[in-house]
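# Structural overview for review
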Amino acid sequence: MSNRIAVVPGSFDPPTLGHLDVIRRAAALYDTTHVVVVHNPGKEAMLPIAQRLSLLEQSIAEGDVRGEVVVASWSMGLLVDYASDVGAGVLVKGIRSQVDVAYETPMAIVNRHLAGIETVFLLPDPAHALVSSSLVRQVASLGGDVSPYVPPAVARFLDATTDRTVGTVPA
């Protein structure tokens, strides 16, 4: 059997059930799946990268994800450099709408051109199609219940750390 390696990148700020669904499905399709927390300079992060890595590891361990899964971060250089370094031939991205397709398509084309890395888009489970990390951050910051949208480990963390009096999550 060939060693098929995939990279599932994202900011995972925080990890959602939609993220976990994509990770679970990618792990079923590939021999090794690298879940990579990437720094997005266009977004202000709620959680430090180390916390996102920890929450992903806990969520994957508790979330019935089968297969070899590596959780890592990448903040310097191109994502395709990470993928090439680990021998991955594909990036796996979850897409929720046409907006995601429009945003992801040019990146997929450039990644293929730069490094010969293909991009596979996975459609979401309908239960998670409208949930984004941005929405979860907003609900959490305003004291709302995010447990329907995030893995239990993330819900526990956000519940324990969200300051309900001022509506912020400390970094």
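What comes next concerns the included structure. Please read all numbers here as calculations on a predicted model, not as lab measurements.

Turning our attention to the packing of aromatic side chains. A full pass over the atoms with the stated rule returns one aromatic pair. Here W74 and Y82 contribute two aromatic rings whose centre-to-centre distance is 5.5 Å and whose plane-to-plane angle is 65°, an arrangement assigned as edge-to-face.

With that settled, consider the pattern of salt bridges. Scanning all chains against the criterion turns up nine salt bridges. Here D31 and R4 are joined by a salt bridge, their closest N and O atoms 3.5 Å apart. Of the two residues, D31 sits in the loop between helix 1 (17-29) and strand 2 (32-38) while R4 sits in the segment before strand 1 (5-10), which places them 27 residues apart along the sequence. Residues K93 and E104 are paired through a salt bridge, measuring 2.7 Å at the closest nitrogen-oxygen approach. Remark: E104 occurs in helix 4 (residues 98-115) and K93 occurs in strand 4 (residues 90-94); sequence separation between them is eleven residues.

With an omega dihedral of 0°, the bond running from D13 to P14 counts as a cis peptide bond. Relative to the elements of secondary structure, P14 occurs in the loop between strand 1 and helix 1. Unusually for a residue other than glycine, F12 sits at a positive phi of about 50°. Mapped onto the fold, F12 is located in the loop between strand 1 and helix 1. Judged by its relative accessible area of 2%, F12 falls in the buried class. The phi torsion at D64 lies on the positive side, around 55°, for a residue other than glycine. Take D64: it is sitting in the loop between helix 2 (49-62) and strand 3 (68-74).

What counts and how
- Residues numbered from 1 in each chain as written.
- Predicted model: local features only at pLDDT ≥ 70, side-chain atom pairs only at ≥ 80, totals over all residues.
- Heavy atoms only, no water.
- Phe/Tyr/Trp six-rings, centres within 6.5 Å; stacked < 30°, edge-to-face > 60°.
- Salt bridge = Lys/Arg side-chain N within 4 Å of Asp/Glu carboxyl O.
- Helix = DSSP H or I, 4+ residues; strand = E, 2+ residues; numbered from the N terminus.
- Buried < 20%, exposed > 50% of the residue type's maximum accessible area, 1.4 Å probe, protein only.

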